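Below are the chains, spelled out letter by letter.
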Amino acid sequence: MKEYSKEKTMQKPERKVQQLTLCGLFTALTAIGAFIQISIPVEPFPMHFTLQFFFSLLAGFVLGGRLGALSVGIYLLIGLCGVPVFASGGGPSYLLKPTFGFLLGFVFAAGVTGWLSEKFAPQKIWGYLFISTAGFAVMYLSGNLYFYFVSNYVIHVPVSWKLVLINCFFLTAAGDYLLCILASITARRLLILKKKILSN
């Protein structure tokens, strides 16, 4: 019994190191995803389709809700401190950009995806896709609400809900939902691999 307790105690630091390493990895991948982008030159603010959402979903699936949201949150803090890791640079002024709501949405997406993944432990691809769709929904809800309220009430650039929905949903939703499908397939394979590694 004592040997088992000692072995379990030794595994805890190793597990924490693994979790922190993965957390740092997904922070870096989210930053890299910002530079793999397609710019959409619409008015009044250009939109960017990036791979950040893909890596945010994966962070949630692999790390769980708390650490998934933390890894993407660290990425946001790094960008807000001035490191140019966002699609158009970095710095605290980014908070005044109407599109910043999508960056916040990546944190929410990672958190919701991770929480649902931990709660339901999906086995089939449809379970993963359902969870990815929930992440998709909270990301777009955050992005659209932030865009509307910052534009109209903070920087005083009047926009209608119709324009918000066209620019911030219809132009990019199909591509992001494709990322949901890819993230679901990738996460299922990664989690199988993760279980095999941890069991050895």
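First, a word on what this report is: a plain description of the structure on this page. These figures come from a predicted structure and were not determined experimentally. (Residues numbered from 1 in each chain as written. Predicted model: local features only at pLDDT ≥ 70, side-chain atom pairs only at ≥ 80, totals over all residues. Heavy atoms only, no water.)

### Structural notes on the packing of helix 2 (residues 52–63) against helix 3 (residues 65–80)
For the record, the criterion: All axes here are fitted lines through C-alpha atoms, helices being fitted over the stretch that makes contact, and every angle between N-to-C directions spans 0 to 180 degrees. Numbering of helices and strands runs from the N terminus, with a helix taken as a DSSP run of H or I at least four residues long and a strand as a DSSP run of E at least two residues long. Rotating anticlockwise by less than a right angle from the far helix to the near helix defines a left-handed crossing, while the corresponding clockwise rotation defines a right-handed one. For this analysis, residues touch if any pair of their heavy atoms sits within 4.5 Å. Residues are grouped as follows: Ala, Val, Leu, Ile, Met, Phe, Trp, Tyr, Cys and Pro are nonpolar; Asp, Glu, Lys and Arg are charged; all remaining types, including Gly, are polar.
The contact between helix 2 and helix 3 brings their axes to 6 Å, and the two run at 145°. Classified by chirality, the crossing of helix 3 by helix 2 is right-handed. Of the residues in helix 3, those touching helix 2 at Gln52, Ser56, Ala59, Gly60 and Leu63 are Gly65, Leu67, Gly68, Ser71, Val72 and Tyr75. Its residues placed into classes, the contact of helix 2 with helix 3 shows five nonpolar, six polar and no charged.

### So, the packing of aromatic side chains
To keep it simple, the criterion reads: Ring pairs shown here join Phe, Tyr and Trp side chains whose ring centres sit within 6.5 Å, with only the six-membered ring taken for Trp; geometry is labelled stacked below 30 degrees between planes, edge-to-face above 60, and tilted in between. Whether a charge sits over a ring depends on NZ of Lys or CZ of Arg being within 6 Å of the ring centre and within 35 degrees of the ring normal.
Under the definition given, this model contains 20 aromatic pairs. Clustering of aromatic rings is evident, with ring pairs tying together Phe53, Phe102, Phe106, Phe136, Tyr140, Phe169, Phe170 and Tyr177. Above the face of the Tyr94 ring, Lys97 is positioned so that its terminal group lies 5.3 Å from the ring centre. We note Lys119 situated over the ring of Phe120; from NZ or CZ to the ring centre the distance is 6.0 Å.

### What to know about the side chain of Thr30
Quick note on the threshold: Here the term buried applies to any residue with accessible area under 20% of the maximum for its type, exposed to any over 50%, and partly exposed to those in between, with areas from a 1.4 Å probe on protein chains only.
For Thr30, the location among the structural elements is in helix 1 (residues 2–34). On the basis of relative accessibility, which here comes to 0%, the residue Thr30 falls in the buried class. Setting aside its immediate chain neighbours within four residues, Thr30 contacts Gln52, Phe55, Ser56, Val72 and Tyr75.

### Focus: unusual backbone geometry
A cis amide bond links Glu43 with the next residue in sequence, Pro44, at an omega value of 5°. The residue Pro44 is located in the loop between strand 1 (37–40) and strand 2 (47–50) in this model. Positive phi, normally seen in glycine, also occurs at His156, with a value near 55°. Relative to the elements of secondary structure, His156 occurs in the loop between helix 5 (125–153) and helix 6 (161–170).

### Focus on helix 3
Operational definition: Multiplying 1.5 Å by the residue count of a helix minus one yields the expected span of that helix.
Taking 1.5 Å as the rise per residue, helix 3 with 16 residues should run 22 Å; its terminal C-alpha atoms sit 22 Å apart, in good agreement. Every buried residue belonging to helix 3 is among Gly65, Leu67, Gly68, Ala69, Ser71, Val72, Gly73, Tyr75, Leu76, Gly79 and Leu80, and all of these are buried. Looking one or two residues past helix 3, Gly82 carries a phi angle of roughly 115°, positive in sign.

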